[in-house]
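Listed below, chain by chain, are the residues.
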Amino acid sequence: MLRAKCEALTNKCLQECQPKYEALKRILAEETAERKRFYNELIEVRGNIRVFCRCRPLSPEETSKSYNSVVEFDPSKDTELQITCTDSSKKIYKFDHVFSPKDDQEAVFTETLPIVKSVMDGFNACIFAYGQTGTGKTFTMEGTPECRGVNYRALEELFRIMKERMVLMQYEFSFSMLEVYNEKIRDLLADNSDLNAKKLDIKQSAEGTQEVPGLAEVQVRSIDEVWEMHKSGGRNRSVGSTNANELSSRSHSLVRLMVKAENLVTGERSKSFLWLVDLAGSERAGKIEAEGERLKESQFINKSLSALGDVISALASKNSHIPYRNSKLTHLLQSSLGGDCKTLMFAQISPSLADLGETLCTLNFASRVRGVEHGPARKQPDPADNFKLKQMVEKLRQEEKEVSKLNESLQMMHIKYASRENIFKTLQEKIRESEQACKNYQQKIKDLENQLAEEKKGRTHLTETNEISRSFRPPCALSKQRPPLARITNRLPPLAPPHRTEKSSLKNMENACSNINDATRSFKTKHLGRARRISLSPVVCNISKNRRASIAATELETLATLSEKHNMNHASVTTKLSQLRIPRRRSVATFTPFQETPKSKEGKCINSFKYPSTSQLQSLWKSRVPNLPSPMQQNHIQSRLTNLPSPLQRNQLFSSGAVNSAQHLNKLCYSIQKRVMLGSPAQGRPSKILESRFNEAALQAKEIVGRFGTAQRVLIKNRRRSIM
Ligand SMILES: Nc1ncnc2c1ncn2[C@@H]1O[C@H](COP(=O)(O)OP(=O)(O)OP(=O)(O)O)[C@@H](O)[C@H]1O
């Protein structure tokens, strides 16, 4: 019962705590990530060479000899140590971290972990231990089965991270192990590796890294697998017994782990290396009493360590030339010491007073290394991706070229556009000037028109004083009643609708009208194809029956003019009239009614105009046909015409009625004009007497009309042609 209650309570607690646990886990992950980010930033700020100092404890032998420790540590300051020299002076050394003899392997690795992790993020990393022989370099890097060193822990951590990130990332590890013994590179993983194994050399790869062609690279999938290989390689390492160390490392041991990573989400790939280097111990040959082979080994070891010191000095001094190739060790670590990887150095020291000199040497060297600055570490993309990147770069360059070309063409377009805009503005300016000039001309025309109107008014006043001119109205004056020559048409108008007739007495006239229409059609058929300048008349239209009477009267007016000129009396005129057939009534087609058409008192046209009797016609003739001007009058007219400045003013003169003879002349012209419009009559030619008289009058008119311009002359010519 109690147990059941306990289980229920436990389950309840678990259920309650589970969400909190998950939340805390999430927070922890976030905090860890944040810490990692800050730590990496810190490393980059400090520079990517970090120096840790580790002091081993006094060995049992040293304790037995009562050697005192010359190294002092301040627990509150994990970056400083103090050395008590033989003269009791103290020297303080500062490093990124200082590990006292009390610090165990785990504490050391905890500080090393971020650099190890950075390998999984695509950075190259190099961790190496430097120090006098027997100071614990191998202990720090490899450790013992009970106290694993950095190598094991680092490899273990990498596999752990691989498992942790396997959802997002795919990793591939390749393990290599080599040593530099007496300036020779030996593959510790190679079969039958011995001193007579094939010679390996260092080559620079296309990516600028140092490669050892022929070096065994074994793909590993677990920490056990890789550690077995590590142990196997360690067994092949050259070790020997010295006075300082029973199992002294006589070579520089280098473990390399290649990490290939691929982001499964983004596809981003990287290839990075982790170097774990256990250097051979620096030693003084005299102290270790080396002889023979050990002495030779010591010389090579010291030479390579001296080369390492030179490289560090050059890097610290920022020399242009760094002597990496002075030894195999520095050549192999070239990219780790001065390149773009993260480097961590363990400066191993002994606390014993007996090793004070070497300790000071190591600390001084470590301090120089710490002062080395090189650029920030860079992620190492997979070389396979480099090709793609190069292609992308090439493509980008091509696109940049195209963009620059497009920019150039765009600039050209801008320039063209600007020039055309200037042209457009210039044209607009010209248009504005033209418009202004046009306005000025229009204003001038208006002024001239006003001036002409004033002149016309003055002349009208003169006309009113002239009784003769008042009694005569020219039938076809070249005035405003008639349009300018430009409006004269050589086209006949469309046929007018048939006139409405009401009175039977006009039936003959209707017949004549229909005949006129027929004649008009025939005329159009015959002559419309040819453009002829034949009329000075106003806009032509169908003639009314009243107009026909007017036309007949006009013919008779001509006769009356002749009769008056030749002193014919009314009786003889009547006789002549009886002989005279109204010519071309059939042909009379389309004339605008005369202004002189008889009008009613109200000013309306007398549409119901009856065909006038002879007496009415005679009175009409008298009223409308003036006497021809005397020779003196003609001379006067000619002199006035000659003095007039322009044809327009001449026309104004005629149209104003100021010149009676000109009115008469216009009348005559109009008669001629009618003839021209009607064409050559096939019948109804006047008698020979009338014809000759008419010719005479026409010739007289020609003399005066000739001054009026080409159109009038053409009319005269046509008239002559029609009469002949
Ligand atoms: N921090 C430590 N704690 C306990 N024992 C240590 C520590 N450092 C070194 N030792 C011991 O000191 C001895 C010498 O260590 P180690 O062989 O690692 O020195 P070394 O620097 O590698 O010498 P060599 O250069 O000759 O190889 C070992 O027996 C090791 O167990």
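Residues numbered from 1 in each chain as written. Predicted model: local features only at pLDDT ≥ 70, side-chain atom pairs only at ≥ 80, totals over all residues. Heavy atoms only, no water.

Student: I would appreciate a short explanation of the UniProt feature "binding site: ATP" (unreviewed entry) in the protein in the present structure.
Tutor: Cross-referencing UniProt, the feature "binding site: ATP" (unreviewed entry) maps to Gly 131, Gln 132, Thr 133, Gly 134, Thr 135, Gly 136, Lys 137 and Thr 138 in the present numbering. Here Thr 135 shows up in the loop between β6 (125-131) and α4 (137-141). Contacts of Thr 135, omitting those with residues within four sequence positions, involve Arg 56, Gln 348, Ile 349 and Ser 350. A polar contact is formed between the side chain of Thr 135 and the backbone oxygen of Gln 132, at a distance of 2.5 Å. Assignment of secondary structure puts Thr 138 in helix α4. Residue class for Thr 138 comes out partly exposed when judged on its relative accessible area of 27%. Beyond its immediate sequence surroundings of up to four residues, Thr 138 is in contact with Gly 143, Arg 237, Ser 249 and Asp 278. (UniProt positions renumbered as here; feature names shortened; annotations may be inferred. Helix = DSSP H or I, 4+ residues; strand = E, 2+ residues; numbered from the N terminus. Contact = heavy atoms within 4.5 Å. Polar contact = N/O pair within 3.5 Å; in protein donor to acceptor, adjacent residues only side chain to side chain. Buried < 20%, exposed > 50% of the residue type's maximum accessible area, 1.4 Å probe, protein only.)

Student: I would appreciate a short explanation of the side chain of Ser 251 in the present structure.
Tutor: Within the element layout of this structure, Ser 251 appears in the loop between β13 (248-249) and β14 (252-263). Side-chain polar atoms of Ser 251 contact the side chain of Glu 179, separated by 2.5 Å.

Student: I'm lost on the nonpolar core in this one. Help?
Tutor: What tends to happen in soluble globular proteins is that the nonpolar side chains get buried as a cluster. Judged by nonpolar contacts, the single largest core of 52 residues is most densely connected at Leu 81, Phe 95, Phe 128, Leu 308, Leu 332, Leu 337 and Met 345. Here the element with the most residues in this core is helix α8 (residues 292-317); it accounts for 7 residues. Ignoring any residue separated from it by four or fewer positions in sequence, one finds Met 345 in contact with Arg 50, Val 51, Phe 52, Phe 128, Tyr 130, Phe 365, Ala 366 and Val 369. Membership of the second largest hydrophobic core comes to 40 residues, among which are Met 120, Met 177, Val 226 and Val 255. (Core = buried A, V, L, I, M, F, W, Y, C linked by side-chain atoms within 4.5 Å.)

Student: I keep staring at the sheet that holds strand β2 (residues 71-74) and nothing clicks. Help me out?
Tutor: For sheets, the rule is that strands pair by backbone hydrogen bonds, running either parallel or antiparallel. Taken together, 3 strands build an open sheet; the order of strands is β2-β3-β4 and the sheet is antiparallel. Each edge of the open sheet is held by one strand with a lone partner, namely β2 and β4 (90-94). The sheet shows a mean angle of 30° between the axes of neighbouring strands, taken without regard to direction. Sheet topology note: the strand β3 (residues 77-84)/β4 ladder contains 5 bridges and is antiparallel. Counted as the bridge partner of Thr 84 is Lys 90 from β4. (Pairing = 2+ DSSP bridges. Axes fitted to C-alpha atoms, helices over the stretch in contact; angles between N-to-C directions.)

Student: It is not clear to me how the pattern of salt bridges should be interpreted in this structure. Could you clarify?
Tutor: Side chains carrying opposite charge are able to pair once their charged atoms draw close together. Tallied over the full model, the rule gives 18 salt bridges. The salt bridge partner of Asp 201 is Lys 328, with a shortest N-O separation of 3.3 Å. Remark: Lys 328 occurs in helix α9 (residues 328-332) and Asp 201 occurs in the loop between β8 (184-187) and β9 (203-204); sequence separation between them is 127 residues. On the basis of relative accessibility, which here comes to 34%, the residue Asp 201 falls in the partly exposed class. One network of salt bridges, with partners in common, ties together Arg 56, Glu 62 and Asp 355. (Salt bridge = Lys/Arg side-chain N within 4 Å of Asp/Glu carboxyl O.)

Student: Looking at this model, I keep getting lost on the packing of aromatic side chains. Mind explaining?
Tutor: Each aromatic ring pair is characterised by the separation of its centres together with the angle its planes make. Scanning all chains against the criterion turns up 7 aromatic pairs. Arranged with centres 5.6 Å apart and planes meeting at 75°, the rings of Phe 52 and Phe 99 form a pair that is edge-to-face. Taken as a pair, Phe 52 in strand β1 (residues 49-55) and Phe 99 in strand β5 (residues 97-99) lie far apart in primary sequence, 47 residues in all. On the basis of relative accessibility, which here comes to 0%, the residue Phe 52 falls in the buried class. Judged by relative accessible area, which is 1%, Phe 99 ranks as buried. Between the NZ or CZ atom of Arg 148 and the centre of the ring of Tyr 152, over which it lies, the distance is 4.3 Å. (Phe/Tyr/Trp six-rings, centres within 6.5 Å; stacked < 30°, edge-to-face > 60°. Lys NZ or Arg CZ within 6 Å of the ring centre and 35° of its normal.)

Student: Sorry, what's going on with α8 here?
Tutor: One turn of an α-helix holds 3.6 residues; hence residues three or four places apart share an orientation. Between its terminal C-alpha atoms α8 stretches 37 Å, which fits the 38 Å expected from 26 residues at 1.5 Å a residue. By the burial criterion, the buried members of α8 are Glu 297, Ser 298, Ile 301, Ser 304, Leu 305, Ala 307, Leu 308, Gly 309, Val 311, Ile 312, Ala 314 and Leu 315. Once α8 finishes, Lys 318 follows within two positions and takes phi at roughly 55°, a positive value. (Expected span 1.5 Å × (residues − 1).)

Student: Help me out: how do you make sense of the packing of helix α3 (residues 105-120) against helix α5 (residues 150-164) in this one?
Tutor: Any two packed helices are characterised by the angle at which their axes cross and by the distance between the axes. α5 packs onto α3 with a crossing angle of 50° between their chain directions and a minimal axis gap of 9 Å. Judged on the interaxial angle alone, α5 and α3 are oblique. Between α3 and α5 lies a crossing of right-handed hand. Contacts from Gln 105, Glu 106, Val 108, Phe 109, Thr 112, Leu 113, Val 116, Lys 117 and Met 120 in α3 reach Val 150, Arg 153, Ala 154, Glu 157, Leu 158, Arg 160, Ile 161 and Met 162 in α5. In terms of residue class, the contact of α3 with α5 is made up of 10 nonpolar, 2 polar and 5 charged. (Parallel < 35°, antiparallel > 145°, perpendicular 65-115°, else oblique. Left-handed = near helix turned anticlockwise from the far one by under 90°. Nonpolar A, V, L, I, M, F, W, Y, C, P; charged D, E, K, R; others polar.)

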